Amino acid sequence: HFGTPAYQEADARYRGYFERYIDDATMFYDVFLINLQGDIVYSQRHESDFATNLMVGPYRDTGLSDAFLESRLSLESVASTFEYYQPSQAMAAFVVIPVIRDDRLLGVIAFQLGIAQIQQVAADPIGLGSSGETVLAKLVDAQHAMILTQTKYDFAAILKPVEFGKIPDPMHRALLGIHGSGIEYDYRGRQVIAA
């Protein structure tokens, strides 16, 4: 139980270990340990999701819950898409990794990626020259996408659903899983080299 002295002692012992995964130098906002029943038995930040159940609790319809269930079933690492995550009151995605010992699944460890950390990586211009940029987007539904990173020339575009007809063709194709590169038009209507 989470309030027992034994739990408090274990929490204090491992808190320093997990803390190194969520500092400013990493991509992670939080780290979770989740048992096979879906209970979040540890989180570094102890937000409102701590000590809840991902199968029947208030966060059962989240990207964290979906990734947990898929990883538990497939026994493989799973990454969720970015979506609003109420406990953090921010956009977030999750990477969930099964914990297996002696061919037995014990639970999962999950890392929460905050949008701020992703935006920081995408904003890094190293190797892109003075005009290059990285723009990240995700599908919202069959007709809309959402730009997840701040763009250099359109500051209002971030985190708002955009109709497919209003996003550049390279981004539209990428969201549909089509790979490619070449000279294309960007979101400003200017010719660019896109990949």
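Calculation criteria
Residues numbered from 1 in each chain as written. Predicted model: local features only at pLDDT ≥ 70, side-chain atom pairs only at ≥ 80, totals over all residues. Heavy atoms only, no water. Phe/Tyr/Trp six-rings, centres within 6.5 Å; stacked < 30°, edge-to-face > 60°. Lys NZ or Arg CZ within 6 Å of the ring centre and 35° of its normal. Core = buried A, V, L, I, M, F, W, Y, C linked by side-chain atoms within 4.5 Å. Buried < 20%, exposed > 50% of the residue type's maximum accessible area, 1.4 Å probe, protein only. Helix = DSSP H or I, 4+ residues; strand = E, 2+ residues; numbered from the N terminus. Contact = heavy atoms within 4.5 Å. Pairing = 2+ DSSP bridges.

Observations concerning the packing of aromatic side chains
(1) Moving on: Considering all chains together, one arrives at 7 aromatic pairs under this definition.
(2) Moving on: Each member of the aromatic cluster is reached from another via a ring pair, and the members are Phe32, Tyr59, Tyr85 and Phe94.
(3) Moving on: Positioned above the aromatic ring of Tyr29 is the side chain of Arg45, whose terminal nitrogen or guanidinium carbon lies 3.9 Å from the ring centre.

Quick word on the nonpolar core
(1) Moving on: Residues Phe32, Ile34, Ile40, Leu54, Leu64, Phe94 and Val96 are the most contacted members of the largest nonpolar core, which totals 22 residues.
(2) Moving on: Those elements that provide at least two residues to this core are helix H1 (5-19), strand E1 (28-35), strand E2 (40-43), helix H2 (63-74), strand E5 (90-101) and strand E6 (104-114).
(3) Moving on: For this core, the element with the highest residue contribution is E6, accounting for 4 residues.
(4) Moving on: Leave out the neighbours within four places in its chain, and Leu64 touches Phe32, Ile34, Ile40, Leu54, Tyr85, Phe94, Val96 and Ala110.

Regarding the pairing of E6
(1) Moving on: Counted residue by residue, E6 has 9 buried out of 11 residues, so it is predominantly covered.
(2) Moving on: Where E1 and E6 come together, 7 bridges link them in antiparallel fashion. Following the sheet pairing, Ile34 is matched in E6 by Val108.
(3) Moving on: Sheet topology note: the E5/E6 ladder contains 10 bridges and is antiparallel. Bridge pairing in E6 links Arg101 to Arg104.

A short note on the environment of Ile167
(1) Moving on: Relative to the helices and strands, Ile167 is located in the loop between strand E9 (161-163) and helix H4 (169-175).
(2) Moving on: Along the backbone, Ile167 and Ile147 are 20 residues apart, and their C-alpha atoms lie at a distance of 9.3 Å.
(3) Moving on: Discounting chain neighbours no more than four positions away, the residues touching Ile167 are Ala145, Val162, His172 and Leu175.

In short, the description is geometric, and any link to function would need to be established separately.
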